[in-house]
Amino acid sequence: MIVSVSETTGIPEPTETTSDDAGAQRRWSELVARIEEDRRAYFEADAPVSSDAEYDARMRELQALEAAHPALATPESPTQSVGGAAAAGFATVEHLERMLSLDNAFTTDELAVWAEKVNRDLGTDRPGLLCEVKIDGLAISLVYERGRLVRGVTRGDGRVGEDVTRNVLRIAEIPQKLTGEDHPDVVEVRGEVFIPVATFARLNELQAQLRERAVEESRARSGRHTAGRKPFDVEQARIAALRRFPQFANPRNAAAGGLRQLLDKKDGLELEAGLARVEGLRMYAHGVGALQWEEGEHAELERQSDAYTLFEQWGIPVSPHNRVVDGLDGALEMIEHFREHRHDIEHELDGIVLKVDALARQRRLGSTSRAPRWAIAFKYPPEEVNTRLLAIQVGVGRTGRATPYAVMEPVKVAGSTVRQATLHNQDVVRAKGVRIGDVVVLRKAGDVIPEILGPVPALADDGYPREDFVMPARCPECDTPLRPMKEGDVDLRCPNAKSCPAQVRGRVEHIGSRGGLDIEALGEVTAAALTQPDVPDTPPLVTEAQLFSLTLDQLLPIEAVVRDAETGLPKMDDDGVVRRRAPFRRKLSYTKAQRAAAEESGETLSDGAPSASATKLLDELERAKTKELWRKLVSLNIRHVGPVAARALAGWFGSVEAVEAASEEELAAVDGVGPVIAAEIKAWLAVDWHQDILAAWRAAGVELATPGHPGPAAMAEADTGPTGPLAGLTVVVTGSLEDFTRDGAKEAILAAGGKASGSVSKKTDYVVLGENAGTKAAKAEALEIPTLDEDEFKALLEGGPEAL
Ligand SMILES: NC(=O)c1ccc[n+]([C@@H]2O[C@H](COP(=O)([O-])OP(=O)(O)OC[C@H]3O[C@@H](n4cnc5c(N)ncnc54)[C@H](O)[C@@H]3O)[C@@H](O)[C@H]2O)c1
Ligand SMILES: [Zn+2]
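Just so we're clear, the structure is a prediction, and the values are computed from it rather than from any experiment.

Rules used in this analysis
Residues numbered from 1 in each chain as written. Chains lettered and ligands numbered in written order. Predicted model: local features only at pLDDT ≥ 70, side-chain atom pairs only at ≥ 80, totals over all residues. Heavy atoms only, no water. Salt bridge = Lys/Arg side-chain N within 4 Å of Asp/Glu carboxyl O. Helix = DSSP H or I, 4+ residues; strand = E, 2+ residues; numbered from the N terminus. Buried < 20%, exposed > 50% of the residue type's maximum accessible area, 1.4 Å probe, protein only. Pairing = 2+ DSSP bridges. Axes fitted to C-alpha atoms, helices over the stretch in contact; angles between N-to-C directions. Contact = heavy atoms within 4.5 Å. Phe/Tyr/Trp six-rings, centres within 6.5 Å; stacked < 30°, edge-to-face > 60°. Lys NZ or Arg CZ within 6 Å of the ring centre and 35° of its normal.

A. The arrangement of the pattern of salt bridges in detail. One pass over the full model with this rule turns up 48 salt bridges. With its nearest N and O atoms 3.3 Å apart, the salt bridge here joins Arg370 to Asp103. Taken as a pair, Arg370 in the loop between helix H11 (359-365) and strand S13 (375-379) and Asp103 in the loop between strand S3 (92-94) and strand S4 (104-105) lie far apart in primary sequence, 267 residues in all. Classification of Arg370 as buried rests on a relative accessible area of 7%. Look at Asp103 and you get partly exposed, because its relative accessible area is 29%. We note a salt bridge from Arg401 to Asp491, for which the minimum N-O separation is 2.5 Å. Of this pair, Arg401 sits in strand S15 (residues 401-413) while Asp491 is found in the loop between strand S19 (483-484) and strand S20 (492-493), placing the two residues 90 residues apart along the sequence. Taking relative accessible area as the criterion, Arg401 reaches 32% and is therefore assigned partly exposed. Residue class for Asp491 comes out buried when judged on its relative accessible area of 15%. The network of salt bridges with common partners includes Arg342, Glu348, Glu383, Glu384 and Arg443.

In structure tokens:
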């Protein structure tokens, strides 16, 4: 069997089956063994060995194999059973009605196939579908007898589960006595226990606090009986504390572990942690198991959604995200909605569950031994994958901050290939408990930057060499001893701001960026070539002071080693010579005749001419000299002075000179500046080498004033508030726009002299509606405030209300 990766889901999928029966049998056994191991780790130990994507791919390969070789589909196969088993330490309970799993669809095509089959079997064309978010937690069955909670049981193998009643009683949201009148003799309420995302973050904070307290406790203990004992080792104590109170990798495993813990066996800090974990649990009901009424009158249930209405009357929480839709189209709409808004709700979700709503139809469709035929779970591409942590390197940024970052085996997650992830500082590395060489869980959610959640503990002894990370004491780029960012801070920085190559490179790159002088030819690679070329030894830019006086003669000799994008190592030619690139030089070749002629006339032939990048860079630098003043202010790399503050400064003062002449109070008084930025500006100006930058730029012809600006005194006199196309107007942007981020839209409104507000009121002049605009659109309509689409918004920014 060959497995390839699906373009759309990023999940490996089977593409071909072998015709060799013995081979199929062998592969089948292999897969079953792996799946059983995965299930044990996931359902029984709450500590997965594989990622969900790996597990799902194995299950799908197994299903494909059995489809091609039906003889293999024995009742023992995982495709025929519900994963999980009762773990030691818990009493077991038999469910009155079996708890099943769900079949999965990974593409909307697969969903359509399911819907067609349902239609065929039912003889309908648009059955009412109950669509629910698939909550990433663990299943629970709550047994109520005549309105009283008698038991909480995990799914186990679907037939027998674990009795977790004692923990269930601690979940505030689960009623111990149902409200309302009409209660059945017995009902099994099925639902999902989960930890909300916000609670999850708090639990991890608590774990960190408990680690600190554990270290303090052991320090105090060792102080009490010192005689003949080893001195207190804080490193050892921290490592021990980390083992007792690890950082939780994700809400699902934290929830599963929280529900399935034996609190009676705990005391002290462990008990505190355990209680917080179980008390952080919540539950939404998503199904009904056995349901027996006393003889006589009782509520008639026709649809599963009716059952939910009943649950709500009884005080049992049901997800607010459920929708009943008419046919597959409505379900697809919900799937697309939550693909975008996956992280906008209270808990993690990994898909959308579609259920035929009518109970009579559910009965007609029935179930397999593993899952109902009347339901299917559509799964989104995975956001968590496993990969190997190859190294931890330390990078130094524009501001000197030294940040450890992980270099991983490249892995595809949430639609892109990830190789690196920041680890922030040495405390974070420690808290995550990762060592170089570990298999780690990597998470990338949508546009959010990738994050390493932690190691896979079960793979700690896989034979791959491990090494602890030690934060270097010196800057990896300039060897200056690192210092705390602030007094007592764990974050470190390189104090050599002026000439640390990493910091100069970062600042030069910032100057070229779109929010700076917007110099297309001055990106990351060029910034590196100008500040750290491999040839010549001394870079043309020791600091950014010389940026605007760069000459062709300085550019031409520059050569940089070509590095492998994946490993960062220099690339070599076949004969072992390191490959170099001269970005600013174009090789010239000459014919024999030309060479002969040159020799004759005694003329020397140049072997290189300026490349297109060289002329482009110099041209763009020349043009940048007269760009808007605010762009130059951003390019000075003063802390906190981004486009917004720079625009405010430029608008008021009109020149760098006027900014220099202003007092700190005068700077702080400008709308959009404030005391913090004012202090940073003053501090920046007081540094000699910063003054050298200003002097050098001036000498090179950089315009440091807005031509025709009347100066701050005149501005103060004529202070009539902001000017620009949007002066005096308040604009609200809601929903997502094509060409603007949230902050980008705000910035554009401010820059045009308008006010950006977050809420619609009578004072609002325009509401811009993007994709999925919510309640604000309705509010605008109610208040009769004009609404704009994105194109109209752009017109407004350019030309004010007249342009509409
Ligand atoms: N990483 C691993 O090694 C590993 C191992 C086993 C299972 N898993 C994960 O678990 C999945 C398989 O587990 P499964 O058999 O429990 O199937 P499943 O999680 O795909 O679907 C069934 C479960 O979904 C839950 N669920 C959540 N919201 C629901 C809703 N609104 N309605 C109905 N049910 C809802 C229920 O608990 C139900 O038991 C895999 O796809 C994988 O994601 C991972
Ligand atoms: Zn440095």
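From this point, the narrative continues.
B. Region of interest: the sheet that holds strand S7 (residues 148-154). Taken together, four strands build an open sheet; the order of strands is S7-S6-S9-S10 and the sheet is antiparallel. This sheet does not close on itself; its edge strands, each paired only once, are S7 and strand S10 (282-292). For this sheet the average axis-to-axis angle between neighbouring strands, irrespective of direction, equals 25°. Of the strand pairs in this sheet, strand S9 (residues 186-194) and S10 are connected by eight bridges, and their pairing is antiparallel. The partner of Arg190 across the bridge, within S10, is Gly287. The strands touched by helix H7 (residues 251-259) are strand S6 (138-145), S7 and S9; relative to S6, the strand with the most contacts, the crossing angle is about 40°.

C. Looking closely at the packing of aromatic side chains. All chains considered together, the criterion is met by seven aromatic pairs. With a centroid separation of 5.1 Å and 40° between ring planes, the pair formed by Phe194 and Tyr284 is classed as tilted. Here Phe194 is found in strand S9, whereas its partner Tyr284 is found in strand S10, with 90 residues between them in sequence. Residues Phe194 and Tyr284 agree in their burial class; the two are buried. Arg252 extends its terminal NZ or CZ atom over the ring of Tyr42, reaching a point 3.9 Å from the ring centre. Against the face of Trp630 rests Arg647, its NZ or CZ located 4.2 Å from the ring centre.

D. Representation of the pairing of S9 in the model. Within S9, nine of the nine residues are buried, leaving the element largely enclosed by the surrounding structure. Of the two faces of S9, the one holding Val186, Glu188, Arg190, Glu192 and Phe194 and the one holding Val187, Val189, Gly191 and Val193 are both buried throughout. Bridge analysis of S6 against S9 gives eight bridges, and the strand direction is antiparallel. Looking across to S9, one finds that Ser141 is bridged to Arg190.

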